[in-house]
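Each chain, written out:
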Amino acid sequence: QVQLVESGGGLVQPGGSLRLSCVASGFTFRNYFMSWYRQAPGKERELVASITASGGVTNYADSVKGRFTISRDNAKKTVYLQMNSLKPEDTAVYYCKAQLGVWGQGTQVTVSS
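The rules behind the values
Residues numbered from 1 in each chain as written. Predicted model: local features only at pLDDT ≥ 70, side-chain atom pairs only at ≥ 80, totals over all residues. Heavy atoms only, no water. Helix = DSSP H or I, 4+ residues; strand = E, 2+ residues; numbered from the N terminus. Rg over C-alpha atoms; globule rule 2.2 N^0.38 Å. Contact = heavy atoms within 4.5 Å. Areas by Shrake-Rupley, 256 points an atom, 1.4 Å probe, with all protein chains shown as cover. Lys, Arg positive; Asp, Glu negative; His and termini not counted. Charge placed at Lys NZ, Arg CZ, Asp CG, Glu CD. Buried < 20%, exposed > 50% of the residue type's maximum accessible area, 1.4 Å probe, protein only. Pairing = 2+ DSSP bridges.

Enquirer: Pulling in residues and values, what's your account of the overall build of the protein?
Expert: For the protein, the helix and strand inventory stands at zero helices and ten strands. Across the protein, helices and strands are ordered from the amino to the carboxyl terminus as β-β-β-β-β-β-β-β-β-β. Against the 2.2 N^0.38 benchmark of 13 Å for 113 residues, the protein shows a C-alpha radius of gyration of 13 Å, consistent with a compact globule. Dimensions along the principal axes, computed over C-alpha positions, put the protein at roughly 40 × 25 × 25 Å. Relative to all contacts within the protein whose residues are 6 or more apart in sequence, the contacts with residues 24 or more apart total 52%. Here the protein has roughly 5,900 Å² of accessible surface; of this, 46% comes from carbon and sulfur atoms. One way to put it: in the protein the 12 positive side-chain charges average out to a point 7 Å from where the 7 negative ones average out.

Dropping the structure here:
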């Protein structure tokens, strides 16, 4: 069964940090490009960051450049999103996606004082 399971979301104050994880199963993780998306209430889902299969190339939305870092551990079949200097506008449900078209269930991130 092809599956992605996110974790690590929660409530954090502005300026704080969170690390999201997404564990894959049911497919050859190391062969696939992976991405993190987010969707805020009333807004469309947007691409936050992506990483190539080897982890050698990453890309970020302008809104998170310099604050978020995507990484992966192919041995653990896991992709991460380290989020620093969080802002209230980062509040959203965060989803990971595999290139083969599979989405995780999402994890809520709320940035509020």
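Enquirer: An account of the pairing of strand S8 (residues 78–83) is needed here, citing residue identities and associated values.
Expert: Counting buried residues along S8, five of its six residues qualify, which places the element largely inside the surrounding structure. Bridge count between strand S3 (residues 18–25) and S8: six bridges; the pairing is antiparallel. By the bridge assignment for S8, Val23 is matched with Thr78. Between strand S7 (residues 68–73) and S8, which pair antiparallel in sequence order, lie four residues; one of them, Lys77, sits at a positive phi of approximately 55°.

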